[in-house]
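Observations on chain architecture
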Amino acid sequence: MPRRIVIIGGGAIGSATALFLRLADSASEVVVVERDPTYAKASSALSASSIRQQFSSSLNIRLSQFGIEFLRRAPRALSVGDDYPALGLVEGGYLYLATPRSLAALAANHRVQQEAAADVVWLSPAELRARLPWIATADLGGAVLGISGEGWFDGYALMRGMRRKAQALGATTLHAEVASLTLQGGRVVAAVTRSGTRLAGDVFVNAAGPWARAVAAMAGIDLPVHARRRTVFVLSCPVAIPRCPLVIDPSGVWFRPDGETGKRFLCGASPAPGEADPDDLPLEPDLAQFEERLWPALAQRVPAFAALKLESAWAGYYEMNTFDQNGIVGAHPDLPNLLFANGFSGHGIQHSPAIGRALAELITAGAYRSIDVSALGFERVLSNTPFVERNVI
Ligand SMILES: Cc1cc2nc3c(=O)[nH]c(=O)nc-3n(C[C@H](O)[C@H](O)[C@H](O)COP(=O)(O)OP(=O)(O)OC[C@H]3O[C@@H](n4cnc5c(N)ncnc54)[C@H](O)[C@@H]3O)c2cc1C
């Protein structure tokens, strides 16, 4: 039966959902409501846009497996007329480093990844040195390197490509802010915009990224998703670092190349254990973090990084699920026609194609068909049974 689906938020998650809905069911009407068409604060525009298979849960690996498959074929799959979006996918790999103390956790994750057929290899410190002689290994016990299926891409171009393809397939985008939801008989019946327009619908999707908690509150639902600032630093190094993957240092600092010179890098870090991580900080880069924490860790790992220059920096919000750092996907048991796709805690852009497809299946077929994401359902929050992802960066 043709229906009207209203998606609140037109970032990567909302755009992917609109795209897969139009692909699955051309009879239903899909309306994406986006309050800021410039995406100035949207996570999808401020992301480090990297994709990995190195998760600790097989479900997240499966979501990334579809993610990389989608990214590889995206220029064709998202083409509109003669225009093929360039996503700049580089499969440069992730390199997870472990000290002797963190080796057991790395090994446990590696087993899960092998069972899920992720293309990753275990390296001893000597093997790592032989592959990447620029890295200091004295304090390391081992490492896991992604051989294929991991790397980085242009996340903004992915979001734009999905949005444009969804529009070409008939989805409409409305420039408006949803200010309230109207409930009747245990269902959401309309989203009301700030200017008072009433958007009636059969199904509503909360794709509001870091602002998803406010949208959930409009329906009286407490969603544990918080806007947590993360800074990305752009660095240059006078010496080229050849074949550099995205490196996750045991200190929690990450870095990866940007562009093809081997001399330009992005880097960042989540707060150190015990460090405060307040909600809704202004989106100004935390420059002190670079001097105090990142640079010392970078120079210790790559001696050539002692000569790094900080070129620029930006900040965006992780839509952090403070309950268990994993996405919350699907309906709340008390409200069957408001679907959530929130709280991806730093891994949402790589999973956006798989989550969009999953929601489209749930809406059109009534069940997940390709990848069963019910483990990410709201029920686990209500029953206090976390679905923990140990590899959160
Ligand atoms: C610094 C940084 C680095 C990251 N690195 C990675 C990475 O390497 N790999 C990875 O996979 N992920 C990464 N992420 C996370 C990833 O970017 C996000 O998970 C993803 O972009 C979330 O997409 P979204 O569509 O849910 O949210 P958004 O892109 O934020 O989109 C939500 C949209 O909803 C709109 N909106 C909100 N409220 C309303 C309303 N009431 N009415 C109408 N519109 C509304 C907003 O304007 C916004 O455009 C990173 C994020 C940051 C900030």
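This one's a predicted model, so the numbers in the text were calculated from it and none came from an experiment.

**Focus: the domain arrangement of the chain**
- Here the domain parsing of the chain yields domain 1 (4-82 + 154-224 + 323-382) and domain 2 (94-148 + 227-317).
- Between the C-alpha centres of domain 1 and domain 2 there is a distance of 29 Å.
- At the junction of the two partners, domain 1 supplies 21 residues and domain 2 supplies 24 residues.
- Buried surface at the junction of domain 1 and domain 2, both sides included, amounts to about 1700 Å², of which 55% is carbon and sulfur.
- If you look at where domain 1 meets domain 2, you find one salt bridge.
- Between D279 and R213 there is a salt bridge, with its nearest N and O atoms 3.7 Å apart.
- Contributing elements (two or more residues each) for the side of domain 1 that touches domain 2: strand 3 (50-51) and helix 2 (58-77).

**Here we look at helix 5 (residues 155-168)**
- For helix 5, spanning 14 residues, the distance from its first C-alpha to its last is 20 Å, which sits close to the expected 20 Å at 1.5 Å a residue.
- Turning to helix 5, its buried residues number three or more, namely G155, A157, L158, M159, G161, M162, K165 and A166.
- Measuring from the side-chain oxygen of the N-cap residue of helix 5 to the backbone nitrogen of Y156 gives 3.2 Å; that N-cap residue is D154.
- One or two residues past the end of helix 5 sits G170, with phi positive at roughly 115°.

**With respect to the sheet that holds strand 2 (residues 29-34)**
- Spatial ordering of the open sheet is given by 8-2-1-12-19-18, a layout of six strands whose pairing is mixed. With one partner strand each, in any of the chains shown, strand 8 (172-175) and strand 18 (328-332) form the two edges of the open sheet. Averaged over all neighbouring strand pairs, the angle between strand axes comes to 20°, with direction disregarded.
- Sheet topology note: the strand 2/strand 8 ladder contains four bridges and is parallel. Note on strand 8: the bridge partner recorded for V31 is T172.

**Examining the site of the ligand**
- Near the ligand there are 37 residues, and of these E34, S43, S44, S50 and E319 occur at the shortest range.
- One of the backbone nitrogen or oxygen atoms of R35 is found 3.3 Å away from a nitrogen atom of the ligand.
- Between the ligand and Q350 there is a distance of 2.9 Å, counted from an oxygen atom to a backbone nitrogen or oxygen.
- Taking 1000 Å² as the accessible area of the ligand by itself, protein coverage stands at 97%.
- Of all the secondary structure elements, the ones that give two or more residues to the shell around the ligand are helix 1 (12-24), strand 2, strand 13 (225-236), strand 17 (309-321) and helix 8 (348-365).
- With four residues, strand 17 is the single largest residue contributor to the shell around the ligand.
- There are two domains that each give the shell around the ligand at least three residues, and those are domain 1 (4-82 + 154-224 + 323-382) and domain 2 (94-148 + 227-317).

Cut-offs used in this document
- Numbers given for residues are sequential positions, taken from 1 along each chain in its written order.
- Residues qualify for local features only when their pLDDT is at least 70, as the model is predicted, and side-chain atom pairs are given and counted only at 80 or more; totals for whole chains, interfaces and linings, by contrast, use all residues.
- Side-chain metrics rest on all non-hydrogen atoms present in the structure, leaving aside hydrogens and water.
- An automatic or database domain assignment provides the domain bounds reported here.
- Contacts are assigned to residue pairs with any non-hydrogen atoms lying within 4.5 Å of each other.
- Simply put, the buried area is the total loss of 1.4 Å probe accessible area from both parts when two parts are fitted together.
- Each reported salt bridge corresponds to a side-chain nitrogen of Lys or Arg within 4 Å of a carboxyl oxygen of Asp or Glu.
- Strands here mean DSSP runs of E at least two residues long; helices mean DSSP runs of H or I at least four residues long; both are numbered from the N terminus.
- A helix's residues, less one, multiplied by 1.5 Å, set its expected span.
- Whether a residue is buried, partly exposed or exposed follows from its accessible area with a 1.4 Å probe, protein chains only, as a fraction of its type maximum: under 20%, in between, or over 50%, in that order.
- Under this definition, polar contacts are N or O atom pairs within 3.5 Å; protein pairs additionally need one hydrogen-donor-capable and one acceptor-capable atom, and for neighbouring residues in sequence, both atoms have to be side-chain atoms.
- Note: two strands are recorded as paired if DSSP finds a minimum of 2 bridges between them.
- Interaxial angles span 0 to 180 degrees and are taken between N-to-C directions of axes, which are lines fitted to C-alpha atoms, for helices over the stretch in contact.
- Here a residue is considered near a molecule or strand provided that any single heavy atom belonging to it is located within 4 Å of it.
- Surface accessibility in these figures is a Shrake-Rupley result with a 1.4 Å probe; residues are shielded only by whichever protein chains are displayed.

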